[in-house]
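Here is what each chain is made of, one letter per residue.
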Amino acid sequence: MRFDVITLFPEMFSAITDFGINRRALEKDLYALHCWNPRDFTADNYRTIDDRPYGGGPGMVMLPEPLLAAIEAAKVAQNQAGNLAPKVIYLSPQGQPLDQAAVKQLSACSGLVLLCGRYEGVDERVIKHSVDVEVSIGDYVLSGGELGAMVMMDSIIRQLPGALNHNLSAQQDSFEDGLLDCPHYTRPEDYRGMTVPDVLLSGNHAEIRRWRLKQALGRTWLRRPDLLDQRVLSKEEARLLSDFKSEHIT
Ligand SMILES: c1cc(-c2cnc[nH]2)ccn1
């Protein structure tokens, strides 16, 4: 996976390249990241990248030319890396909500160009001319698209083969099977009088699997029933959820 990111603040991306799973994946060449600063694509001495909005109003809008030139440079680099049709994604509150299904689809791409806006956003002609899809990470306004891009990149990198020590853990992540995650425990067995569920100490892997699935189903029912609306339950899952509901004391 090659990420080409258009951003005024490339330094921000050390937040994912310098730590943990994403750092190890970068070192293992599971992905590459190249940042392109629109200021490097300006022609004036002040390296101007924004201007006042037509029609008036607060704030500034990012100029089309530096952005389109940066996107073109990124697409050429993608082409040279063998990705002939990289998807261009604009991170914006107007985008379609990012969910695990979209993350899995995007992780199958060989190259992505991520456009990060600042200020009031980018000139609409940039979107019309060069953006394939707008994506939102939530219904709130950020200071720019960079954090949205990093959230998207982090979730995609976890999907890349070899990124996680134990591939199974990616499948067991929350949302991987459309459910919230089950509770997790580690040592000590008794912490301030709070103990670990016996089943997790039993060594009975079949029972442990059933307990974890039941807890994931029950949590999803309690906290995010909307996710269950979209999910067909197996006979086992339906029975486990029914048991959870009958045992749940409101
Ligand atoms: C993605 C991007 C944004 C955003 C970009 N610029 C200001 N907010 C908000 C939510 N998801």
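The structure displayed is predicted, hence computed values, not measured ones.

This part is about the overall build of the protein. Of the regular secondary structure elements, the protein holds ten helices and nine strands. Radius of gyration (C-alpha) of the protein: 22 Å, far over the 18 Å computed for a compact globule of 250 residues. Reported as C-alpha extents along the three principal axes, the dimensions of the protein are approximately 70 × 40 × 40 Å. The contacts in the protein between residues at least 6 apart in sequence include a share of 73% that link residues at least 24 apart. If you sum the accessible surface of the protein, you get close to 14600 Å²; carbon and sulfur atoms cover 52% of it. Side chains of the protein carry 27 positive and 34 negative charges; the gap between the two charge centres is 5 Å.

What follows is about the confidence of the model for the protein. Averaged over every residue, the pLDDT of the protein is 96; the share at 70 or more is 96%. Reported for the predicted complex are a pTM of 0.94 and an ipTM of 0.98.

The subject of this paragraph is the site of the ligand. Neighbouring the ligand are the residues Leu91, Ser92, Pro93, Val135, Ser136, Ile137, Gly138, Tyr140, Val141, Leu142, Gly144 and Gly145. Note that a nitrogen atom of the ligand is positioned 2.9 Å from one of the backbone N or O atoms of Ile137. Backbone polar atom of Leu142 to a nitrogen atom of the ligand: 2.9 Å apart, as the coordinates give it. Bound to the protein, the ligand loses 94% of the 290 Å² it would expose on its own.

On to the UniProt feature "binding site: S-adenosyl-L-methionine" (unreviewed entry) in the protein. Those residues carrying the UniProt feature "binding site: S-adenosyl-L-methionine" (unreviewed entry) are Gly117, Ile137, Gly138, Asp139, Tyr140, Val141 and Leu142 in this numbering. Along the chain, Gly138 falls in the loop between strand 7 (133-136) and helix 6 (146-157). With respect to the helices and strands, Leu142 occurs in the loop between strand 7 and helix 6. Its relative accessible area of 35% is what places Leu142 among the partly exposed residues. With residues near it in sequence (within four places) discarded, Leu142 still touches Ile137, Leu147 and Gly148.

Moving on: the packing of aromatic side chains. Within the structure shown, the criterion is met by three aromatic pairs. Look at Trp36 and Phe41: their rings are 6.4 Å apart centre to centre, the planes differ by 45°, and that puts the pair in the tilted class. By relative accessible area, Phe41 is classed as partly exposed at 24%.

Our focus in this paragraph is the nonpolar core. Phe3, Ile89, Leu114 and Met153 are the most contacted members of the largest nonpolar core, which has 25 residues in total. At the level of elements, strand 1 (2-6), strand 5 (87-97), helix 4 (100-107), strand 6 (111-116), strand 7 and helix 6 are the ones that each hand at least two residues to this core. Residues within four places of Phe3 in sequence aside, it is in contact with Tyr31, Ala32, Leu33, His34, Gln78, Leu112, Leu114, Met153, Ile156 and Ile157. Met62, Ile71, Ala74 and Val126 belong to the second-largest nonpolar core, a separate cluster that totals 17 residues.

Through backbone hydrogen bonds, the strands of a sheet pair up, either in parallel or in antiparallel fashion. The strand order across the open sheet formed by five strands is 2-1-6-5-7, and the pairing between neighbours is parallel. Bordering the open sheet on either side are strand 2 (32-36) and strand 7, each of which pairs with just one other strand. Shown here is a sheet whose adjacent strand axes are inclined to one another by a mean of 35°, direction ignored. Two elements, strand 1 and strand 6, share five bridges in a ladder whose sense is parallel. Bridge assignment links Phe3 to a residue of strand 6, and that residue is Leu112.

This part is about helix 4. Of all the positions in helix 4, only Ala102, Val103, Leu106 and Ser107 are classed as buried. Looking straight down helix 4, one finds that the buried residues subtend no more than 135° of arc, so they occupy a single side. Those residues of helix 4 that are exposed and aimed more than 90 degrees away from the buried face are Ala101 and Gln105. The inward-facing, buried residues of helix 4 abut strand 5, strand 6 and helix 6.

Procedures and definitions
Counting restarts for each chain, with residues numbered from 1 along the sequence as it is written. Since the coordinates come from a predicted model, pLDDT governs what is reported: local features require at least 70, and pairs of side-chain atoms require 80 or more to be given and counted, while whole-chain, interface and lining totals use all residues. Side-chain metrics rest on all non-hydrogen atoms present in the structure, leaving aside hydrogens and water. Every helix listed is a DSSP run of H or I at least four residues long, and every strand listed is a run of E at least two residues long, numbered separately from the N terminus. In this setup the radius of gyration rests on C-alpha atoms only. A globule is expected at 2.2 Å times the number of residues raised to 0.38. By the convention used here, residues are in contact when the closest approach between their heavy atoms is within 4.5 Å. All accessible-area figures derive from a Shrake-Rupley calculation using a 1.4 Å probe, and residue coverage is judged against the displayed protein chains alone. The charge count includes Lys and Arg as positive and Asp and Glu as negative, but it does not include His or the ends of the chains. Where a charge sits is defined by one atom per residue type, namely NZ (Lys), CZ (Arg), CG (Asp) or CD (Glu). The pLDDT score gives, residue by residue, the confidence of the prediction method on a 0 to 100 scale. Here a residue is near a molecule or strand as soon as one of its heavy atoms is found within 4 Å of it. Pairs of N or O atoms within 3.5 Å make up the polar contacts considered here, provided that, within protein, one atom can donate a hydrogen while the other can accept it, and that residues adjacent in sequence are counted only when both atoms are side-chain atoms. UniProt positions are given in the numbering used here, feature names are shortened, and annotations may be inferred rather than shown by experiment. Relative accessibility decides the category of a residue: with a 1.4 Å probe and only protein chains considered, values under 20% of the type maximum give buried, values over 50% give exposed, and everything between is partly exposed. Pairing of aromatic rings covers Phe, Tyr and Trp, the last through its six-membered ring, and needs centres within 6.5 Å; plane angles under 30 degrees mean stacked, over 60 mean edge-to-face, and all others mean tilted. The definition of a nonpolar core used throughout is a set of buried Ala, Val, Leu, Ile, Met, Phe, Trp, Tyr and Cys residues joined through side-chain atoms within 4.5 Å. DSSP calls a pair of strands paired once it identifies at least 2 bridges connecting them. Between N-to-C directions, angles cover 0 to 180 degrees, with each direction set by a line fitted to C-alpha atoms, over the stretch in contact for helices. What the arc covers is the set of directions going from the helix axis to the C-beta atoms.

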